[in-house]
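Residue-level structural notes
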Amino acid sequence: MVHRSRVNAVLAIAIAILVLPSRNGTIAADTLGFTGRISDAAGKPVVGALVRAWHYDRFHKAEIVREAVSGANGAYNLQGLAPRMALVAVTAKNFACDLRDVLVDSGMRPVDFQLKPGATIRIRVVDEHQHSIPQARVAISWIRDEDGWVKLDFVNPAVDEHGDWEWREAPPAADLDAQISSLDRMGAELWRVAPRANAYVVQLRPMLVVSGRVADKETKRSIKRFRVLPGAGSEP
């Protein structure tokens, strides 16, 4: 008869073999990856480009994030992905970010990227008096289709002391959405922003205050303790 403690030890070793640790959580031992080369418009290798890949759940939250950096010949090797669709973003200084969906598969061929010159999106955030709001934040998302979007967390959201935000590595033709927020003001959204010569000017208005009285429908007596749950206009 096999002792229970020995069986538990064998199971623990088996689990340790099947699951590999990662700084982004745990990944299965049979996860996949892919290689490729990054070059500029003239075909010359781009050294030091950062390749990021994400798997997203149906709520657009990143489940797995992996990174790789291109070497002297522009080659990269990205590993630790599951066999399904991944969003891949390639960024390098002075080059436009390249975004694409890649189906990760065991027999896939190299995925090469040819980067274009960077384009610039500028947003200025002001209040109702046209004064700058330096504490504002700008979040950029890639609109993949009518129901799908992915937040580009690698884009710096900070607005400078003059209320200006700038992204110099924006893709020239991607569908992008900008959400502008501040802790003490209502947010705003720019749908399908694109690089252009002039900055977008966004005005954030003061927070609205909702007040009233809560009473029992039948007795008309005031209800002293209750909870208010915020929601979106599209929610039931």
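Everything discussed here concerns the structure shown above.
The structure contained in this document is the topic of the report that follows. Keep in mind the model is a prediction, meaning the values are calculated, not measured. (Residues numbered from 1 in each chain as written. Predicted model: local features only at pLDDT ≥ 70, side-chain atom pairs only at ≥ 80, totals over all residues. Heavy atoms only, no water.)

1. Quick notes on the sheet that holds strand β3 (residues 32-39)
Pairing in this open sheet of three strands is mixed, and the strands run β6-β3-β9 from one edge to the other. Because the sheet does not close on itself, it has two edges, and the strands there are β6 (75-81) and β9 (113-114). Of the pairings in the sheet, the one linking β3 to β6 comprises six bridges and is antiparallel in character. Bridging across to β6, Thr35 finds its partner in Asn77. (Pairing = 2+ DSSP bridges. Helix = DSSP H or I, 4+ residues; strand = E, 2+ residues; numbered from the N terminus.)

2. Details of the layout of surface pockets
In this structure, the largest pocket encloses a volume near 240 Å³. The wall of the largest pocket is formed by 14 residues, among which Asn156, Glu166, Trp167, Arg168 and Glu169 lie closest to the centre. Counting residues per element, the lining of the largest pocket draws most heavily on strand β13 (residues 164-170), at six residues. Grouping the amino acids of the lining of the largest pocket by side-chain chemistry returns seven nonpolar, two polar and five charged. (1 Å grid on protein atoms, 1.4 Å probe; cavity = no way out; pocket = protein on both sides within 12 Å on 5 of 7 lines; lining within 4 Å. Points joined across faces, edges and corners; volume = space filled by probe spheres on them. Nonpolar A, V, L, I, M, F, W, Y, C, P; charged D, E, K, R; others polar.)

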